[in-house]
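Structural overview
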Amino acid sequence: AHLVPLTQKRVILIHLARPMGHVSLLLDLRSRFSVRDATGNLERLDSHFFNALLTLHEKSGLEVLSGASDPDEWEEILPTSLLRVVNVAQSCCSHLVMDLGSTYSIHSRPLLRMARMVMLVAEADVPALWTLEKHLTKMSSWGIDSDQCRVVINRYHRSDEEAIKAFEKRTKQPVFARLPNDFRQVS
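What comes next is a walk through the structure. All values reported here derive from a predicted model rather than from experimental measurement.

**Brief notes about the overall build of the protein chain**
- If you tally the helices and strands in the protein chain, you get 10 helices and 7 strands.
- Against the 2.2 N^0.38 benchmark of 16 Å for 187 residues, the protein chain shows a C-alpha radius of gyration of 17 Å, consistent with a compact globule.
- Taken along the three principal axes of its C-alpha coordinates, the protein chain extends 50 × 35 × 30 Å.
- Of all 187 residues assigned to the protein chain, the portion counted as buried reaches 38%.
- When contacts within the protein chain are restricted to residue pairs at least 6 apart in sequence, long-range pairs at least 24 apart make up 74% of them.
- With an accessible surface of roughly 11,500 Å², the protein chain has 53% of that area assigned to carbon and sulfur atoms.
- Charged side chains in the protein chain number 23 positive and 22 negative. The centres of these two groups are separated by 5 Å.

Dropping the structure here:
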């Protein structure tokens, strides 16, 4: 949400987290339409139709295409349909953010390959850093260059620094940002 005032450009977020995401909930949005509406109307999908599906977050100016509201809906959404939606979205804005959530599959590969930047968010505990390392390896095997990837450490404590340094040394991937474990500041 802070990208809009920071860039003074149009920013759209497509919520692709499975099985259900929380963007609309966290932004207190009452979305009438979702990704399912976009993929279910490909014959009508152009920039005008796409713009009508978006929900504006009044406070920030961020525009959101909500994710599926029922986990079963994802079974009906074809990866090629999502690519078409993303292509139309890219033509409508300066910055497109795709929230894939914490799970992805081989079907996510074309979406990730389209991205100029892939942000991977993790905490600095051992299981999370181990998983993050696996994600980076998977991204590399899919042809996503490590220069495209940015690692963000969430709930950062100074005591995490030793584990982070070991991670950076092992993966040769620098940490892009550290978000403090400060509920008020992050909120």
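**Re the pairing of strand 7 (residues 175-180)**
- As paired elements, strand 6 (residues 149-156) and strand 7 share 4 bridges and run parallel to each other. Looking at the pairing, Val152 lines up with Ala177 of strand 7.
- A crossover connection joins strand 6 to the parallel strand 7 through helix 9 (residues 161-171); in handedness this β-α-β unit is right-handed.

**Considering unusual backbone geometry**
- Residues other than glycine seldom take positive phi values, yet Asp28 does so here, at roughly 55 degrees.
- Of note, Asp28 is situated in the loop between helix 2 (23-26) and helix 3 (35-39).
- Of note, Lys172 is a non-glycine position whose phi angle comes to about 55 degrees, a positive value.

**Overview of the pattern of salt bridges**
- Under the definition given, this model contains 7 salt bridges.
- Notably, a salt bridge pairs Glu133 with Arg170, separated by 2.8 Å at the nearest N-O pair. With Glu133 in helix 8 (residues 126-141) and Arg170 in helix 9, the pair connects residues that are 37 residues apart, well separated along the chain.
- On the basis of relative accessibility, which here comes to 23%, the residue Glu133 falls in the partly exposed class.
- When salt bridges that share partners are traced, they join Glu161, Lys165 and Arg178 into one network.

**Concerning helix 8**
- Given a rise of 1.5 Å per residue, 16 residues ought to cover 22 Å, and the 23 Å separating the end C-alpha atoms of helix 8 matches this to within 8%.
- Listed in full, the buried residues belonging to helix 8 are Ala128, Leu129, Leu132, Leu136 and Met139. All buried residues of helix 8 project into a common sector of 95 degrees when viewed along the axis, lining one side. Residues of helix 8 that are exposed and angled more than 90 degrees away from the buried face: Val126, Pro127, Trp130, Thr137 and Ser141.
- Those residues of helix 8 that are buried lie in contact with helix 7 (109-114), strand 5 (118-122), strand 6 and helix 9.
- Its side-chain oxygen placed 2.8 Å from the backbone nitrogen of Ala128, Asp125 serves as the N-cap of helix 8.
- Once helix 8 finishes, Gly143 follows within two positions and takes phi at roughly 85 degrees, a positive value.

Procedures and definitions
- Residues numbered from 1 in each chain as written.
- Predicted model: local features only at pLDDT ≥ 70, side-chain atom pairs only at ≥ 80, totals over all residues.
- Heavy atoms only, no water.
- Helix = DSSP H or I, 4+ residues; strand = E, 2+ residues; numbered from the N terminus.
- Rg over C-alpha atoms; globule rule 2.2 N^0.38 Å.
- Buried < 20%, exposed > 50% of the residue type's maximum accessible area, 1.4 Å probe, protein only.
- Contact = heavy atoms within 4.5 Å.
- Areas by Shrake-Rupley, 256 points an atom, 1.4 Å probe, with all protein chains shown as cover.
- Lys, Arg positive; Asp, Glu negative; His and termini not counted.
- Charge placed at Lys NZ, Arg CZ, Asp CG, Glu CD.
- Pairing = 2+ DSSP bridges.
- Right-handed = clockwise from strand over helix to strand, strands pointing away.
- Salt bridge = Lys/Arg side-chain N within 4 Å of Asp/Glu carboxyl O.
- Expected span 1.5 Å × (residues − 1).
- Arc of directions from axis to C-beta.
- Polar contact = N/O pair within 3.5 Å; in protein donor to acceptor, adjacent residues only side chain to side chain.

In short, shape yes, function no, at least from these values alone.
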